[in-house]
Amino acid sequence: MDDLLSIEDLDAGMITRILDTAEGLKDIAVRPIKKVPVLRGRTVCNLFYEDSTRTRISFEVAEKRLSADVINFSAKGSSVSKGESLKDTALTLQAMGVDAIVIRHSSSGAPRRLTEWVDAKVLNAGDGWHQHPTQALLDLFTIRERMGRLEGLNVAICGDVVHSRVARSLVQGLRIMGAEVTLVGPPTLMPAQVDSWDVTVSHDLDGMLADLDVCYLLRVQNERMAEQFFPSVREYARIWGMDIDRLEVMPEHAIVMHPGPMNRGVEISADVADAEQAVIVDQVTNGVAVRMACLYLMLGGEQAGAVSEVTPA
Amino acid sequence: MTGNVVVEGEVIRSVGEESAGLRIECEGLICTSGLVDLSSHLRQPGREDSEIIATGTAAAAAGGYTAVSAMPTTEPAMDHAGIVEQVLRLARETGRCDVFPVGAITKGRAGHELAEMGAMHEAGVRTFSDAHHAVVSSQVMRRALLYARTWDAIIANHPEDTSLTEGAQMHEGAMSSRLGLKGSPREAEEIIVARDLILAERAGARLHVPHLSTRRAVELVRDAKARGVRVTCDVTPHHLVLDDSNLVDYDTRFKVIPPLRTPDDIAALREGLQDGTIDAITSDHAPHPPDDKDHEWSYAPAGTVGLETTLSVILAELVDPDACPDKRGNGTLSMAEALALLSSGPAKARDIEGHGRPITAGEPANLLLFDPGVIWSVVGDELRTRSRNTAFEGHEVRGRAVHTVLRGKFTLNDGKVV
Ligand SMILES: [Zn+2]
């Protein structure tokens, strides 16, 4: 695998391979020594232009479990006007011989630009509203783990789709794997020309609950209310928020997902967040395994031998 | 045209006769009046790292232009007579074509207070524009149109309702949804076009709508012209040729204002050229140094250079090379129509005197001789403009200026800027 910039770059075979690899790597987390030497001597830089402690730690744990040398570069608030440009930073990392760069950036397409300036493999850890491929992969992994399959499942993605890199990547991942996707929420939060997305769009969450296998809730940011995408948080929660009453309408086997961090009482009520059907903690756990799998496949871990044969360091 | 053009001093002496005077070998070349641009960002004074009048007008001469309109995107903004005079002086001393300054409509191009149009008019300004800052206030725009009637001057307002485009990075549509970039909806342009047409109609004032980019905007202007509104408009080569699918790799060369739209909009713009709704093709030459463009998409400034490529892009993309000069053949435009849209059309739309004139005795000798057959590839690094951000990098184009003549003197001779 080369750079990982977007789910669009992957096909069903490649996604299955990543998920299968992650399955093998997930065991490492329960071993007494949680480390394998497959990326020993390789240097990975976590280049975070946007705060995200959760994602950065998940990557860092994944990198360390694979024995990579890790550099954390936080360029909070960096932009053209203040401080070093992305290109200059990229050229510095290039000169240092970094093997892979995990980049998080508030500007859509920044990882794509980065590939033009460095030879290192680039892994997109979230860019603007564009893509968050490892999030989509860990979501697919979690769904497959619970449901045993992805094909033919009915998945609703609910909330602020237009501003969501998570939704963008997950929709593509689910469609590639043969799941049916419905986007739910107010029209103000749906992307322009959403018909080009190969999904169904609905504004009626209640009408679809009984047929769902997965209800994926997106984080609703307070600033969306300030920008008048909807009139109030209370109204949003009443029409599109997941609460216990709605959960009970869903089939028994159905699950509720959320990429975190949650706004309890807005898109998800506190009791749903803690319910048996919510797999939000599993998503976090699986995130490490999936990120290990991506780094492993990108950095030529394959040549070091199959994961199953890898022994603890 | 075939035959001889005899130039004596600054004017055309005669056409179609033998002469012992200056001889230019014209075998295989087309002779036409020099091109006229309605929007060139020459950046001087203030942003000399992007462009200066000397390099911008050298690029113009190389592209076949004998006249360009200097936009008020100077620093400070060209919003008073002093800076107009400074630009005119620099143009006289260093320019390789005539420069017609466009004064700002409002102070600092900020959209609030009217700039001193009278003083600027006296200094030679005939058109006022805040460049890529739209006058959003209907009140300010109405006053500007009425006030400009004093001299029957032209107001060219950038059509963009900025309340709909705050933070916008590209055309709003399937592509922006895929790329995760905030979209600029067509209606942002169309609302201001519609409003300005209404205001201009009521005021009886002259309005120029720059760089149309949507189907509806073309329709609005078409309808207004049919009603007799005093409106002219233009379109850029990039909006006639490139659509938003080019943005797939976030290449900032394609970041322009207004944003690249869709094939349907392109078709509508071309229809607008054919039926005469659109008066001119404008380069909207907007140089930015590489350090500014070489950034993440959202941090890069918008704009593409164009003075050296506009003629060639239009000939390559819109004109059928096999059709006779007055026929469209399989092209959007005939050769004659294309040249009119690059020369007499813009000159008429914006009262640019002495340019875009017919080639007849007594007219100023502002001429372009170009080779219509040569095929070449656009290479930014080979351009004469100071900044090389071209949306047509690597694009194969056709036709190239060989000689440009400004009032009887070469500014481009045998492909070399003089
Ligand atoms: Zn403009």
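In this report, the structure presented in the accompanying data block is examined. Counting from 1, residues in each chain are numbered in the order their sequence is written. Here the convention is simple: chains get letters from A, ligands get numbers from 1, in the order in which they are written. Thresholds applied to this predicted model are a pLDDT of at least 70 for local features of residues and 80 or more for the giving and counting of side-chain atom pairs; totals over whole chains, interfaces and linings are not thresholded and use all residues. Water and hydrogen atoms play no part in the side-chain values, which are based on all heavy atoms of the structure.

## Section: the overall build of chain A
Here is step 1 of the chain: When helices and strands are tallied, chain A shows 11 helices and 9 strands.
Here is step 2 of the chain: If you line up chain A on its principal axes, its C-alpha atoms span 55 × 50 × 35 Å.
Here is step 3 of the chain: Expressed as a percentage of its 313 residues, the buried residues of chain A come to 57%.
Here is step 4 of the chain: Considering only contacts within chain A whose residues lie at least 6 apart along the sequence, 74% involve residues at least 24 apart.
Here is step 5 of the chain: Looking at chain A, you have 31 positive and 44 negative side-chain charges, and the mean spots of the two groups are 6 Å apart. Starting at the N terminus, helices and strands are each numbered in turn, a helix being any DSSP run of H or I of at least four residues and a strand any DSSP run of E of at least two. The cut-offs for exposure are 20% and 50% of the maximum accessible area for each residue type, with area from a 1.4 Å probe on protein chains only; residues under the lower value are buried, those over the upper are exposed, and the others partly exposed. In this description, contact between two residues means that some pair of their heavy atoms is separated by no more than 4.5 Å. When charges are counted, Lys and Arg are positive and Asp and Glu negative, with His and the chain ends excluded. Note on charges: their place is set at NZ of Lys, CZ of Arg, CG of Asp or CD of Glu.

## Regarding the overall build of chain B
Here is step 1 of the chain: Of the regular secondary structure elements, chain B holds 13 helices and 17 strands.
Here is step 2 of the chain: Relative to the 2.2 N^0.38 estimate, which gives 22 Å for 418 residues, the radius of gyration of chain B is 20 Å and therefore close to what a compact globule would have.
Here is step 3 of the chain: Its C-alpha atoms put chain B at 65 × 45 × 45 Å along the principal axes.
Here is step 4 of the chain: Looking at chain B residue by residue over its 418 residues, the buried ones come to 60%.
Here is step 5 of the chain: Counting 43 positive and 61 negative side-chain charges, chain B places the averaged centre of each group 4 Å from the other. The globule rule used for comparison is 2.2 Å times the number of residues to the exponent 0.38, while the radius of gyration itself is calculated over C-alpha atoms.

## Regarding the packing of helix H6 (residues 186–203) of chain B against helix H7 (residues 215–227) of chain B
Residue and element names in this part refer to chain B.
Here is step 1 of the chain: Where helices are involved, their axes are fitted lines through C-alpha atoms of the stretch in contact, as for all axes, and angles between N-to-C directions lie from 0 to 180°. In the contact formed by H6 and H7, the axes pass within 9 Å of each other and the chain directions differ by 10°. In terms of axis orientation, H6 runs roughly parallel to H7. Regarding H6 and H7, the two cross each other, and that crossing is right-handed. Contact residues: H6 offers Glu 189, Glu 190, Val 193, Ala 194, Leu 197 and Glu 201, while H7 offers Arg 216, Ala 217, Leu 220, Val 221, Ala 224 and Arg 227.
Here is step 2 of the chain: Of the residues in the contact of H6 with H7, the class split is 7 nonpolar, no polar and 5 charged. Oblique is the label for every angle not falling under 35 degrees (roughly parallel), over 145 degrees (roughly antiparallel), or within 65 to 115 degrees (roughly perpendicular). By definition, turning the near helix anticlockwise from the far helix through less than a right angle yields a left-handed crossing, and turning it clockwise yields a right-handed one. Each residue gets one label: Ala, Val, Leu, Ile, Met, Phe, Trp, Tyr, Cys and Pro are nonpolar, Asp, Glu, Lys and Arg are charged, and the others, such as Gly, are polar.

## Side note on H7 of chain B
Side chains three or four residues apart in an α-helix point the same way, a direct result of the helix having 3.6 residues per turn.
All names here are of chain B.
Here is step 1 of the chain: Multiplying one less than the number of residues by 1.5 Å gives the expected span of a helix. Along its 13 residues, H7 runs 19 Å from first to last C-alpha, staying within 8% of the 18 Å computed at 1.5 Å per residue.
Here is step 2 of the chain: Buried within H7 we find Ala 217, Val 218, Val 221 and Ala 224. Angularly, the buried residues of H7 cover 130° about the axis, an arc narrow enough to put them on a single face.
Here is step 3 of the chain: As for H7, its buried residues are in contact with H6, strand E11 (206–209), strand E12 (231–235) and helix H9 (263–274).
Here is step 4 of the chain: Looking one or two places after H7, you find Gly 228, whose phi comes out positive at around 95°. Comment: arc refers to directions from the helix axis out to C-beta atoms.

## Here's the deal with the pattern of salt bridges
Here is step 1 of the chain: The term salt bridge refers to a pairing of a side-chain nitrogen on Lys or Arg with a carboxyl oxygen on Asp or Glu at a separation within 4 Å. Summed over the entire model, instances satisfying the criterion amount to 43 salt bridges over all chains.
Here is step 2 of the chain: For Glu 23 of chain A, the salt bridge is made with Arg 144 of chain A, and the minimal N-O distance between the two is 3.1 Å. With a gap of 121 residues between them, Glu 23 of chain A in helix H1 (residues 12–26) and Arg 144 of chain A in helix H5 (residues 133–147) connect regions that are remote in the sequence.
Here is step 3 of the chain: Between Lys 107 of chain B and Glu 113 of chain B there is a salt bridge, and its shortest N-O distance comes to 3.6 Å.
Here is step 4 of the chain: Judged by relative accessible area, which is 41%, Lys 107 of chain B ranks as partly exposed.
Here is step 5 of the chain: Several salt bridges converge on common partners, so that one network encompasses Lys 87, Arg 112, Arg 113 and Glu 116 of chain A together with Asp 249 and Asp 294 of chain B.

## Re the side chain of Gln 169 of chain B
Residue and element names in this part refer to chain B.
Here is step 1 of the chain: Topologically, Gln 169 is positioned in the loop between strand E8 (154–156) and strand E9 (170–171).
Here is step 2 of the chain: Identification of polar contacts relies on pairs of N or O atoms within 3.5 Å, with a donor-acceptor requirement for protein atoms, meaning one able to donate a hydrogen and the other able to accept it, and with residues adjacent in sequence counted only if both atoms are side-chain atoms. Among the polar contacts made by the side chain of Gln 169, one reaches the side chain of Lys 255 at a distance of 2.8 Å.
Here is step 3 of the chain: Dropping the residues within four chain positions of it, Gln 169 is found in contact with Leu 181, Lys 182, Lys 255, Trp 297 and Ser 298.

## Observations regarding the environment of Leu 218 of chain A
Residues and elements named next belong to chain A.
Here is step 1 of the chain: Summarising the element assignment, Leu 218 is placed in the loop between strand E8 (214–217) and helix H7 (222–226).
Here is step 2 of the chain: Taking relative accessible area as the criterion, Leu 218 reaches 2% and is therefore assigned buried.
Here is step 3 of the chain: Along the primary structure Leu 218 and Asp 274 are separated by 56 residues, whereas in three dimensions their C-alpha atoms are 16 Å apart.
Here is step 4 of the chain: For Leu 218, the contacting residues outside a window of four places in its chain are Ile 157, Cys 158, Gly 159, Asp 160, Val 161, Ser 164, Val 166, Ala 167, His 258 and Glu 267.

## Details of the packing of aromatic side chains
Here is step 1 of the chain: A pair of aromatic rings is counted whenever rings of Phe, Tyr or Trp (Trp by its six-membered ring) have centres within 6.5 Å, and the orientation is called stacked for planes under 30 degrees apart, edge-to-face for over 60 and tilted otherwise. Counting across every chain of the model gives 3 aromatic pairs over all chains.
Here is step 2 of the chain: Summarising the aromatic geometry, the rings of Phe 230 of chain A and Tyr 236 of chain A are spaced 5.1 Å apart at their centres and angled 45° between planes, so their arrangement reads as tilted. For the pair Phe 230 of chain A and Tyr 236 of chain A, a shared accessibility class is recorded, and that class is buried.
Here is step 3 of the chain: Centroid distance Tyr 147 of chain B to Trp 151 of chain B: 5.4 Å. Interplanar angle 80°. Geometry classified as edge-to-face.
Here is step 4 of the chain: A residue is classified by how much of its surface remains accessible, and Tyr 147 of chain B, at 40% relative accessible area, is partly exposed.
Here is step 5 of the chain: Cluster of aromatic residues (ring-pair linked, three or more members): Phe 230, Tyr 236 and Trp 240 of chain A.
Here is step 6 of the chain: Note on criteria: charge over ring means Lys NZ or Arg CZ within 6 Å of the ring centre, with the direction from the centre no more than 35 degrees off the ring normal. Of note, Arg 253 of chain B hangs over the ring of Phe 254 of chain B, and the distance from its end group to the ring centre comes to 5.2 Å.

## Quick notes on empty space enclosed by the protein
Residue and element names in this part refer to chain B.
Here is step 1 of the chain: Computed over the protein atoms alone on a 1 Å grid, cavities are sets of points where a 1.4 Å probe fits but cannot get out and pockets are open sets with protein on both sides within 12 Å along at least five of seven lines; a residue lines them when it has an atom within 4 Å of a point. Grid points are joined across faces, edges and corners, and a volume is the space filled by probe spheres set on the points. Tallying each qualifying case throughout the model produces 4 cavities of 30 Å³ or more.
Here is step 2 of the chain: Approximately 100 Å³ is the volume attributed to the largest cavity.
Here is step 3 of the chain: Around the largest cavity, the lining is made up of 14 residues, and of these Ser 39, Met 71, Ser 129, Pro 210 and His 211 lie nearest the centre.
Here is step 4 of the chain: Its residues assigned to classes, the lining of the largest cavity comprises 5 nonpolar, 6 polar and 3 charged.

## Some points on the state of the cysteines
All names here are of chain A.
Here is step 1 of the chain: Pairs of cysteine sulfur atoms within 2.5 Å are what we label disulfides. For the coordinates displayed, the defined rule picks out 0 disulfides over all chains.
Here is step 2 of the chain: Of all cysteine sulfurs in the structure, the one in Cys 45 sits closest to Cys 294, which takes part in no disulfide; the separation is 18 Å.
Here is step 3 of the chain: Given a relative accessible area of 0%, Cys 294 falls into the buried group.

## As for the interface of chain B and chain A
Reports of interface size often rely on the accessible area that becomes lost once the parts have come together.
Here is step 1 of the chain: The interface of chain B with chain A comprises 20 residues on the first partner and 25 residues on the second.
Here is step 2 of the chain: For the chain B and chain A pair, buried surface summed over both sides reaches about 1,900 Å², with 50% attributable to carbon and sulfur atoms.
Here is step 3 of the chain: Three residues, Ser 177, Glu 296 and Tyr 299 of chain B, lead the burial of chain B against chain A; their summed loss comes to 29% of the area buried on that side.
Here is step 4 of the chain: Summed over the shared surface of chain B and chain A, the result is 4 salt bridges. Simply put, the buried area is the total loss of 1.4 Å probe accessible area from both parts when two parts are fitted together.

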